Amino acid sequence: MGNCASASDGCVKGFSLKTMAVKKKKKKDEKDKIRTDAAKRRSRIIRRRVSSRKLHQFDFSSAPPDRSFSNPTFQGSMESGWCDAISVLDSEWDDDFYSVHEDGFSVVGSESKDLDDFARNSTAEQCVSSVGRPNELNPVYVVEVSNARVGETGKQEEDHCGLLQSTCLPCLPSTVPTLEKRKSFGPVTPIAKRKLALRLSFKSREDVPTTPVLISPKAVLPKPIAGSSMPYCPIDKMMADCWSPIEPNTFKVRGNNYHRDKRKDFAPNFAAFYPFGADLFLSPRKVHHIAQFMELPAVRASDEVPPILVVNLQIPLYPATIFQSENDGEGMSLVMYFKLSDNYSTELPHHFRENINRLINDEVERVKSFPLDTIAPFRERLKILGRLVNVDDLTLSNTEKKLVNAYNEKPVLSRPQHEFYSGENYLEIDLDMHRFSYVSRKGFEAFHSRLKHCIMDFGLTIQGNKAEELPEHVLCCMRLNKLDYTRYHQLAC
């Protein structure tokens, strides 16, 4: 057998054309790959040179002062992985941490590869050795980034804010403040801002001085002098918006024979307390214990009872409703001031002085009732004496005239709408008309617009339930002349 003397069209020197084309393509791909790799190496060398030139040209004298300190929180293993705290702060997830070993140090701009190369070439020993030495690179700690985010200055807090411990950023030189450097790393989403604010708001330490927040406080106003808002006028002069003293014997109280004939007589002409001033204040809500906001006069103290009696009449100015769930709202406080009589021990009988002491000391008594006796506070005997003096001068309808004539000068027990407060030299009684019955409030509401035309007498007494407690005596009394409450102001309390 011999060899083939002639070759076909698809065969050249024993090789097919197809095999030769594959070899040529493979050689060309190898040359392109070698050329590409060489170009990449040259580009990387150029970038490294540019990055090194930037570092050598940096003026370390203008770098920020060394704010690092020996924090045991960050004294961990120096071989631990780098932590990208900036990316952690920007993340919307609390457990989102990235490693620089995986080229995860996210930097916006053309210097990202420079920073990657610099981070790879830097070691932890270089970072730690540069701390505290002048004219060298200082590390940026996570605490600095957190403090710059909040805007704190001064001593840094020993708290890692939920980030990894024993970690620091690479030694990155910077000539801008920490806060501006933090903002230059990219936009912060609103969700990240809220989560960061919540995370940093609980960084509280007793040993860390906090900067006080300067808030403009409300000016401390001096206490108003008792009786300064309403003038005094004699009873024989007809003046508006004033108060006048009246005689106690103008009121009718239970007489000596009241338990037999049920008749009332004029009270004895001496009282336990006499008026020396009055005030009227508007208020969005009820003001209790109003005497503590007033400047009361200095009077001689008494061994038996407080020398000053303050009566706070709380009057509602909002409409009355049948089914009223809340008994508070806009109203006014009519405050009347009384001082102890100079002849308290000589003019008043012993039984009345005993009743006053029992009222002040909040004693209790046994009250006969069916089927069993009960124990009741003695203060439930306090009784209000009210009177409208100039009924004929007012323009009233027939129904209103009948109601006024039926209930005018009729005393009423103040319980349970009263409160008692004791001070250093005074006793205060608050009479809460907000809690009066619907009928009583509705009747008084009809006179809101007519108060500036009314002359009213006010008094207090202690009800006598036994024969030895009669006749009743007036505890205090005063006349109020045509009060226009729209001309008064609120009490600064």
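Scroll up to find the structure this text is about.
As a starting point, this report considers the structure included with it.

Cut-offs applied
- Residues numbered from 1 in each chain as written.
- Predicted model: local features only at pLDDT ≥ 70, side-chain atom pairs only at ≥ 80, totals over all residues.
- Heavy atoms only, no water.
- Pairing = 2+ DSSP bridges.
- Helix = DSSP H or I, 4+ residues; strand = E, 2+ residues; numbered from the N terminus.
- Axes fitted to C-alpha atoms, helices over the stretch in contact; angles between N-to-C directions.
- Phe/Tyr/Trp six-rings, centres within 6.5 Å; stacked < 30°, edge-to-face > 60°.
- Buried < 20%, exposed > 50% of the residue type's maximum accessible area, 1.4 Å probe, protein only.
- Lys NZ or Arg CZ within 6 Å of the ring centre and 35° of its normal.
- Contact = heavy atoms within 4.5 Å.
- Salt bridge = Lys/Arg side-chain N within 4 Å of Asp/Glu carboxyl O.

One open sheet accounts for five strands, arranged β6-β8-β7-β14-β13; its pairing is mixed. Looking at which strands have only one partner, the edges of the open sheet turn out to be β6 (273-283) and β13 (418-422). Within the sheet, the average angular offset between the axes of one strand and its neighbour, ignoring direction, is 15 degrees.

For the structure shown, the criterion picks out two aromatic pairs. The interplanar angle of 35 degrees and the centroid separation of 5.9 Å between the aromatic rings of Phe-276 and Tyr-337 together place this pair among those described as tilted. Residue Phe-276 is located in strand β6, and its partner Tyr-337 is located in strand β8 (residues 331-340); the two are separated by 61 residues in the primary sequence. The class of Phe-276 is partly exposed, set by a relative accessible area of 25%. Given the relative accessible area of 0%, Tyr-337 is considered buried. When the ring centre of Phe-420 is taken as reference, the NZ or CZ atom of Arg-379 above it lies at 4.2 Å. Arg-387 extends its terminal NZ or CZ atom over the ring of Phe-251, reaching a point 4.5 Å from the ring centre.

What follows covers the environment of Ala-271. Mapped onto the secondary structure, Ala-271 falls in the loop between β5 (264-266) and β6. A relative accessible area of 1% means that Ala-271 is categorised as buried. Distance from Ala-271 to Leu-340, taken between C-alpha atoms, is 9.0 Å for residues 69 residues apart in sequence. In this structure, Ala-271 is in contact with Pro-248, Ser-341, Leu-348, Val-474 and Leu-475, ignoring residues within four places of it in sequence.

When their charged atoms lie close together, side chains carrying opposite charge are able to pair. Across all of its chains, the model carries 17 salt bridges by this definition. Taking the shortest distance from any N to any O, the salt bridge between Asp-32 and Arg-35 comes out at 2.9 Å. A residue pair is termed a helical-turn pair when its members lie 3 or 4 positions apart in one helix, as Asp-32 and Arg-35 do in helix α1 (residues 17-57) at three residues. You can call Asp-32 partly exposed: its relative accessible area is 33%. Where Lys-383 meets Glu-472, a salt bridge forms, and the shortest distance between an N and an O atom there is 3.2 Å.

Now for the pairing of strand β15 (residues 455-462). Counting buried residues along β15, seven of its eight residues qualify, which places the element largely inside the surrounding structure. In the sheet, strand β11 (residues 382-388) pairs with β15 via seven bridges, with the strands oriented antiparallel. Each bridged residue has a counterpart across the sheet, and for Leu-388 the counterpart in β15 is Met-456.

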